[in-house]
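# Summary of the model geometry
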Amino acid sequence: MIDDTELLNQIGRGDPAACRTLLERHGSYLFGVARALTGNGADAEDLVQETLIGALTSRFRGESSVRTWLVRILTNQAGMLRRRPSKRANHVGLDETPSPASPASDAGAGGADAKLDLSMMLAALSLEHRQVLVLRELEGLSYEEIAQALHLPRGTVESRLHRAREDLRKKFNGYL
């Protein structure tokens, strides 16, 4: 099995099969992170495409794993998406904060409702808080991996994660 670094070298030489292999290895993971960051499937797809384009136009220096490098590109692209005007008027954008749902209205909610609730809760956070929370709690990255992906010191990652959790507690106090 070819490692990710060699795949990137092959992609740089124009090998479409290597590009497909890299996408097969990391596409679902990147989509999951993008979906959690954007709260919208269409924006997540756009974000993954922009990430792959960014990977093709960037140079991997080997300072982290290829996956961490791809997540770094994705989070940078998410920041740019946040600054763009929304293309869709009928969804919650990265700059918008939805109002929390009433806890009583969620009685008996199933898995789909729980996913919608999580998306709504994440959308209520700032991008910086959403990034660290998604990467740590949903994707299971270590503090060091998050720091590498976001180009931040570990202490900043830890403090953002703490503030993100506190923000969720304040905004959704009594939710459960």
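Structural data are supplied above this passage.
Summary of the structure given here. (Residues numbered from 1 in each chain as written. Predicted model: local features only at pLDDT ≥ 70, side-chain atom pairs only at ≥ 80, totals over all residues. Heavy atoms only, no water.)

## As for the overall build of the protein chain
- In terms of helices and strands, the protein chain carries 8 helices and 0 strands.
- For the protein chain, the succession of helices and strands along the chain, N to C, is α-α-α-α-α-α-α-α.
- Counting across all 176 residues of the protein chain, residues that qualify as buried make up 41%.
- Within the protein chain, residue pairs in contact and separated by at least 24 positions form 59% of the contacts whose partners lie at least 6 positions apart. (Helix = DSSP H or I, 4+ residues; strand = E, 2+ residues; numbered from the N terminus. Buried < 20%, exposed > 50% of the residue type's maximum accessible area, 1.4 Å probe, protein only. Contact = heavy atoms within 4.5 Å.)

## Examining the nonpolar core
- Membership of the largest hydrophobic core comes to 38 residues, with the highest contact counts inside it found for Trp69 and Leu74.
- Counting residues per element, the ones that place at least two in this core are helix 1 (4-12), helix 2 (16-38), helix 3 (41-57), helix 4 (66-83), helix 6 (127-138), helix 7 (143-150) and helix 8 (154-171).
- With 8 residues, the top contributor of residues to this core is helix 2.
- With sequence-adjacent residues up to four places away left out, Leu74 is seen in contact with Leu30, Val33, Ala34, Leu37, Leu47, Val48 and Thr51. (Core = buried A, V, L, I, M, F, W, Y, C linked by side-chain atoms within 4.5 Å.)

## Thoughts on the pattern of salt bridges
- Tallied over the entire structure, the rule returns 8 salt bridges.
- Close ionic contact of Asp167 with Lys171 constitutes a salt bridge, the shortest N to O distance being 3.5 Å. Within this pair, Asp167 and its partner Lys171 are both found in helix 8, separated by 4 residues, close to a single helical turn. (Salt bridge = Lys/Arg side-chain N within 4 Å of Asp/Glu carboxyl O.)

## Looking at the packing of aromatic side chains
- Across all of its chains, the model carries 1 aromatic pair by this definition.
- Positioned over the ring face of Tyr143 is Arg136, at 4.4 Å from the centre of the ring. (Phe/Tyr/Trp six-rings, centres within 6.5 Å; stacked < 30°, edge-to-face > 60°. Lys NZ or Arg CZ within 6 Å of the ring centre and 35° of its normal.)

## Structural notes on the environment of Phe60
- Mapping Phe60 onto the fold places it in the loop between helix 3 and helix 4.
- For the pair Phe60 and Leu70, spaced 10 residues apart in sequence, the C-alpha to C-alpha distance is 9.4 Å.
- The contact partners of Phe60, leaving out residues within four places of it in the chain, are Thr5, Leu8, Ser65, Val66 and Trp69.

## Here we look at the packing of helix 2 against helix 3
- At a minimum axis distance of 8 Å, the contact between helix 2 and helix 3 shows a crossing angle of 130°. In terms of axis orientation, helix 2 runs oblique to helix 3. For helix 2 against helix 3, the interelement crossing comes out right-handed. Residues Leu23, Leu30, Phe31, Ala34, Arg35 and Thr38 of helix 2 form the contact with helix 3, whose own contacting residues are Gly41, Asp43, Ala44, Glu45, Leu47, Val48, Thr51 and Leu52.
- Its residues assigned to classes, the contact of helix 2 with helix 3 shows 8 nonpolar, 3 polar and 3 charged. (Axes fitted to C-alpha atoms, helices over the stretch in contact; angles between N-to-C directions. Parallel < 35°, antiparallel > 145°, perpendicular 65-115°, else oblique. Left-handed = near helix turned anticlockwise from the far one by under 90°. Nonpolar A, V, L, I, M, F, W, Y, C, P; charged D, E, K, R; others polar.)

## Here's the deal with the packing of helix 2 against helix 6
- Look at helix 2 against helix 6: their axes get within 9 Å of each other, and the N-to-C directions meet at 135°. As the angle between them shows, helix 2 and helix 6 are arranged oblique. Judged by the twist between their axes, the crossing of helix 2 over helix 6 is right-handed. Taking contact as the criterion, the partners of Val33, Ala36 and Leu37 in helix 2 are, on helix 6, Arg130, Gln131, Val134, Leu135 and Leu138.
- When its residues are assigned to classes, the contact of helix 2 with helix 6 shows 6 nonpolar, 1 polar and 1 charged.

Remember, this is a structural readout, not a statement about activity or role.
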